[in-house]
Amino acid sequence: MNKLEQLLAQRAAMDEAIAAEKNKGRVDALATVRALCRQYGITNREIKAYVLARRPRAETATAAAKKPRTARKTAAKKTRSVKK
């Protein structure tokens, strides 16, 4: 194995270790949340209502507000001047 292959193998091992730690932390956090919900009698319905209330209602309106508005092009009236 050359140096590059060794480093790539180390990188792969580190990526796996990082992923395992993230999953471990997530599992621990989820267990804590479940325990607290049981302790305080919080239901899924209450959590869902809270999350929906915190979400911005008009996501499309904010996207529309970011778009620059352009004036509509209208057909210009062609008028003839009457020559006498």
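See the structure shown above.
Residues numbered from 1 in each chain as written. Predicted model: local features only at pLDDT ≥ 70, side-chain atom pairs only at ≥ 80, totals over all residues. Heavy atoms only, no water.

Tell me about the overall build of the protein chain, and name the residues and values.
The secondary structure content of the protein chain amounts to three helices and zero strands. When the elements of the protein chain are put in sequence order from the N terminus, they spell out α-α-α. Taken across its 84 residues, the protein chain has 1% of its residues classed as buried. Summed over its atoms, the accessible surface of the protein chain is roughly 9200 Å², and 56% of this surface lies on carbon and sulfur atoms. (Helix = DSSP H or I, 4+ residues; strand = E, 2+ residues; numbered from the N terminus. Buried < 20%, exposed > 50% of the residue type's maximum accessible area, 1.4 Å probe, protein only. Areas by Shrake-Rupley, 256 points an atom, 1.4 Å probe, with all protein chains shown as cover.)

Tell me about the environment of asparagine 2, residues and numbers included.
Positionally, asparagine 2 belongs in the segment before helix H1 (3–40). In this structure the side chain of asparagine 2 is engaged in a polar contact, spanning 2.9 Å, whose partner is the backbone nitrogen of glutamate 5. (Polar contact = N/O pair within 3.5 Å; in protein donor to acceptor, adjacent residues only side chain to side chain.)

Please set out a nonpolar patch on the surface residue by residue, giving values where relevant.
Side chains of Leu36, Tyr40, Ile42, Ile47, Tyr50 and Val51 sit close together on the surface and give an oily, nonpolar patch of about 590 Å² of accessible area. Sorting the residues of the nonpolar patch by element identifies H1 and helix H2 (44–54) as the ones contributing at least two each. Considering each element in turn, the nonpolar patch owes the most residues, three residues, to H2. Exposure remark for valine 51: the relative accessible area of 41% places this residue in the partly exposed category. (Patch = residues over 30% accessible without salt bridge, like charges linked within 9 Å, V, L, I, M, F, W, Y side chains within 5 Å. Salt bridge = Lys/Arg side-chain N within 4 Å of Asp/Glu carboxyl O.)

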